[in-house]
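Structural features, examined
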Amino acid sequence: MTQTAAGFENLIGYYEPPVQELIVIDEVLSAMVGVEGRYISIKTLRGKKDEIINFLVDPSMDLALQELAKRIFPLCRSFLLINQFVESRSQFQNGLVNHAFSAALREFLLDYQALVAQLEHQFRLGRLSLQGLWFYCQPMLRSMQALSTVIQKASANSFSGSAVLNLLQSQAKAMAGDNAVRLLLEKMTQCASRAYMSILERWVYEGVIDDPYGEFFIAEDKSLQKESLTKDYDAKYWRQRYSLKDGIPSFLANAAGTILTTGKYLNVLRECGHNVQVPPSENSKLMSFGSNHHYLECIKAAYNFASGELVNLIKEKYDLTGKLRSIKHYLLLDQGDFLVHFMDIARDELAKKPDEVSVEKLQSLLDLALRTTAASVDPYHEGLTCIVVHWPLSIVLSRKALTNYQLIFRFLFHCKHVDRQLCGAWQTHQGVRALNTRGTAISRSSLLCRSMLKFINSLLHYLTFEVIEPNWHVMYTRLQSANSIDEVIQHHDFFLDKCLRECLLLLPELLKKVEKLKSMCLQYAAATQWLISSSIVLHSPDESKANSLGTKQSKSGQVLKSTTRNSAVTDSILKFEKDFDTELQSLGSILSSSSQAEPYLAHLAKWILGVKLEHNGL
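Residues numbered from 1 in each chain as written. Predicted model: local features only at pLDDT ≥ 70, side-chain atom pairs only at ≥ 80, totals over all residues. Heavy atoms only, no water.

A few words on the overall build of the protein chain. Counting secondary structure elements, the protein chain contains 19 helices and eight strands. Out of the 618 residues belonging to the protein chain, those deemed buried represent 46%. Look at the contacts in the protein chain between residues 6 or more apart in sequence, and 73% of them connect residues 24 or more apart. Total accessible area on the protein chain stands at roughly 30,700 Å², and carbon and sulfur atoms take up 52% of it. (Helix = DSSP H or I, 4+ residues; strand = E, 2+ residues; numbered from the N terminus. Buried < 20%, exposed > 50% of the residue type's maximum accessible area, 1.4 Å probe, protein only. Contact = heavy atoms within 4.5 Å. Areas by Shrake-Rupley, 256 points an atom, 1.4 Å probe, with all protein chains shown as cover.)

And the structure:
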């Protein structure tokens, strides 16, 4: 706001209006470049947020000349604001974008000062009136005011980096009705963005963040190292080593995710000692952006290169599918003979309490099982250890992924263990087949053992052939057509999540029922030897002459005879049978009711209900 002032020496009002006009033109031209005159002074007042620049004129000046001069003062004020911004923001500590913007403003001010010099030349030739000066200043006035609006907002909010670019771009859109001003602001945006685009260029072409003043919208957490993938369950390295910050430039907002991913992929390639330089045919300069969106095409090309190179590296050089197949052999128990042999030779060690088990001994037994079974032909069998993850496969086979594999393995392995114990119980029953056990506790025990075996075999069949195998083939097919490592991770994680859920490991109520049934089977298998031995008594040959039915001559001359020795044996078997049948019916009911929400449970329900019907003699 322009104010009048008193106290001017040699008041201009003493001169005639034509003379006053000449004096005013001269002083206005000086004010246009920030120089005070005798009759026009410049006062700067400190406001709460910024500085207020006022122009004071000699109150004795002709009123018509005052009005014309006041029209030009906004131009003078804009020059001072822009010039102050250039001087204060040219230092690099204010950021590369502010530095580039200041350089563009300096170039603009040179053009402005050239205009003032031309006007002054016309004035010296006597060809310039104050009205003419106002006429020539109008186009520049609009541009200067638009720029001063931008820098005032930028200064008040201490903008830097993408905030400056967004401010310039939004201001350019706001000036859509004034083509000249819009073009000027777009040019300023491009000039200011060059430094930013150079940062972007290094990131999408080399995977390097060269951002000394923290202006880029991608942050790097150097505390997260790739080695953490083998320990960190949340795989923070892949998700948080590089991340998006607030303040993404609006012209890059839609491509921000692609930009982040491109650099991440290039970084993995570098960590693997692979060439990370985007080929020249796809390496176009990203020094500016425009309405043709060529820069977006360059970013997309860089992404396609980085993504394709990394996927090929993971699939071919590091043979991801081969590693996954090997994991399937061992952790998903696809290699049957290896498991049987391992359980045979490690039986004593596995029977110990967890804190008493020797990991070193188990490792040696594992190695022995691998070398002496069909697993020896697997090129990756030597990689099967108690702890295994190697870069860059650890991106896919992270600690979380391996933990999920281990959860499935433990469940399958325990089911196999239960099956093995029940098979031992069944063999014990077969040892007394020559005896006439019909109607005895042994006969009833034999039926119960068969039902338990049927249950555990049905469960294993469901887990392997209804869950793991079909889901594995779906994942394997999808991996062949995956175009990026993130797609690979997505397909792999989806496979594991689906297997965990369909194997009941994410369904606590059902899992608790299954575990209880398995526990009953183990308790029964452990008690089988006692049940059988307690149901059989030894007789001499003389005592058995009267009744030879159901007898068998032993090598020592004694005869084995089935008998009901006491009611405790029968009661124990009946209790096992009742508890098992109750839990089996309960599980079948839950599966039937849950299969509406979880359709895959219908397959398990079919097998479990089949066991129940067979156990009931139907």
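Moving on, we come to the packing of aromatic side chains. All chains considered together, the criterion is met by 14 aromatic pairs. Relative to phenylalanine 101, the ring of phenylalanine 85 lies with its centre 5.6 Å away and its plane at 65°, an arrangement referred to as edge-to-face. Taken together, the positions of phenylalanine 85 in helix α2 (residues 63-89) and phenylalanine 101 in helix α3 (residues 96-124) put the pair 16 residues apart, joining distant regions of the chain. Across the pair, exposure class does not vary: phenylalanine 85 and phenylalanine 101 are buried alike. (Phe/Tyr/Trp six-rings, centres within 6.5 Å; stacked < 30°, edge-to-face > 60°.)

We now examine the nonpolar core. Core analysis: the biggest nonpolar cluster contains 174 residues, and Met32, Phe101, Leu133, Ile259, Tyr405, Phe455 and Ile485 have the highest contact counts within it. With 16 residues, helix α15 (residues 441-480) is the largest single contributor of residues to this core. Discounting residues that sit within four places of it in the chain, leucine 133 has contacts with Val28, Leu29, Met32, Ile72, Leu119 and Leu128. (Core = buried A, V, L, I, M, F, W, Y, C linked by side-chain atoms within 4.5 Å.)

With that out of the way, let us pick up the packing of α15 against helix α16 (residues 485-502). Each pair of packed helices can be summarised by the angle the axes make with each other and by the distance between the axes. At their nearest, the axes of α15 and α16 sit 10 Å apart, and the two run at 170° to each other. By the angle class used here, α15 and α16 are roughly antiparallel. Residues Tyr462, Glu466, Val467, Ile468, Asn471, Trp472, Met475, Arg478 and Leu479 of α15 form the contact with α16, whose participating residues are Val488, His491, His492, Phe494, Phe495, Lys498, Cys499 and Glu502. Here the contact of α15 with α16 is built from residues that sort into ten nonpolar, three polar and four charged. (Axes fitted to C-alpha atoms, helices over the stretch in contact; angles between N-to-C directions. Parallel < 35°, antiparallel > 145°, perpendicular 65-115°, else oblique. Nonpolar A, V, L, I, M, F, W, Y, C, P; charged D, E, K, R; others polar.)

With that out of the way, let us pick up helix α5 (residues 162-174). Between its first and last C-alpha atoms α5 spans 18 Å; for 13 residues at 1.5 Å apiece the expected length is 18 Å, and the two agree. All of the buried residues in α5 are Ser162, Val164, Leu165, Leu167, Leu168, Gln169, Gln171 and Ala172. Among the structural elements, α3, α4 (130-156) and α6 (179-206) are those in contact with the buried residues of α5. (Expected span 1.5 Å × (residues − 1).)

Non-glycine residue serine 158 carries a positive phi angle of around 50°. Topologically, serine 158 is positioned in the loop between α4 and α5. Overall, serine 158 belongs to the exposed group, its relative accessible area being 56%. At aspartate 319, a residue that is not glycine, the phi angle is positive and equals roughly 45°. With respect to the element layout, aspartate 319 can be found in the loop between α9 (294-317) and α10 (320-330).

In this section: a nonpolar patch on the surface. On the surface, a nonpolar cluster with roughly 340 Å² of combined accessible area is contributed by Tyr14, Tyr15 and Val19. Note that tyrosine 15 resides in the loop between β1 (3-4) and α1 (17-31). (Patch = residues over 30% accessible without salt bridge, like charges linked within 9 Å, V, L, I, M, F, W, Y side chains within 5 Å. Salt bridge = Lys/Arg side-chain N within 4 Å of Asp/Glu carboxyl O.)

A few words now on the pairing of strand β3 (residues 51-57). In the case of a regular strand, side chains alternate between the two sheet surfaces. When you tally the buried positions in β3, you get five out of seven residues, the bulk of the element. Relative to β3, strand β2 (residues 40-46) runs antiparallel, the two sharing seven bridges. Each residue of the ladder has a partner; that of arginine 46, found in β3, is glutamate 51. (Pairing = 2+ DSSP bridges.)

What follows deals with the pattern of salt bridges. Tallied over the entire structure, the rule returns 15 salt bridges. Where glutamate 120 meets arginine 124, a salt bridge forms, and the shortest distance between an N and an O atom there is 3.2 Å. Here glutamate 120 and its partner arginine 124 are both found in helix α3, four residues apart, which amounts to about one turn of the helix. Under the relative-accessibility criterion, glutamate 120 is labelled partly exposed at 32%.

Glancing now at the confidence of the model for the protein chain. The pLDDT averaged across the protein chain works out to 82; a share of 80% of its residues lies at or above 70. Counted against residues more than four places away or in other chains, residues 538-565, with its pLDDT under 50, gives 43 contacts. (pLDDT = per-residue confidence, 0-100.)

With that settled, consider α15. When the terminal C-alpha atoms of α15 are compared, their 57 Å separation across 40 residues agrees well with the 58 Å that a helix rising 1.5 Å per residue should span. At isoleucine 468, α15 shows its strongest bend, of approximately 30°, with the proline proline 470 following within four residues. (Bend = angle between axes of the 7 residues up to and from the residue.)

Turning next to the side chain of glutamine 20. Examined against the element boundaries, glutamine 20 turns out to sit in helix α1. Within the structure, glutamine 20 has its side chain in polar contact with the backbone oxygen of isoleucine 12 (distance 3.4 Å). If we skip the residues at most four places from it in the chain, glutamine 20 touches Ile12, Gly13, Tyr15, Ser60, Met61, Asp62 and Leu65. (Polar contact = N/O pair within 3.5 Å; in protein donor to acceptor, adjacent residues only side chain to side chain.)

Attention shifts here to the side chain of serine 143. Here serine 143 lies in helix α4. The buried category is assigned to serine 143, whose relative accessible area is 10%. The residues touching serine 143, leaving out its near neighbours within four places in the chain, are Phe108, Val181 and Leu184.

A few words on the environment of serine 88. Relative to the elements of secondary structure, serine 88 occurs in helix α2. Residues serine 88 and serine 102, 14 residues apart in the sequence, show an inter-C-alpha distance of 9.0 Å. One polar contact links the side chain of serine 88 to the main-chain carbonyl oxygen of phenylalanine 85, over a distance of 3.2 Å.

Our next topic: the packing of α15 against helix α18 (residues 567-594). Where α15 contacts α18, the two axes come as close as 10 Å, and the packing angle between them is 25°. Between α15 and α18, the angle falls in the class roughly parallel. Where α15 crosses over α18, the two elements pack in a sense that is left-handed. Contacts between α15 and α18 pair Ala441, Arg444, Ser445, Leu448, Ser451, Met452 and Phe455 from the former with Val569, Thr570, Ile573, Leu574, Phe576, Glu577, Phe580, Leu584 and Leu587 from the latter. Grouping the amino acids of the contact of α15 with α18 by side-chain chemistry returns eleven nonpolar, three polar and two charged. (Left-handed = near helix turned anticlockwise from the far one by under 90°.)

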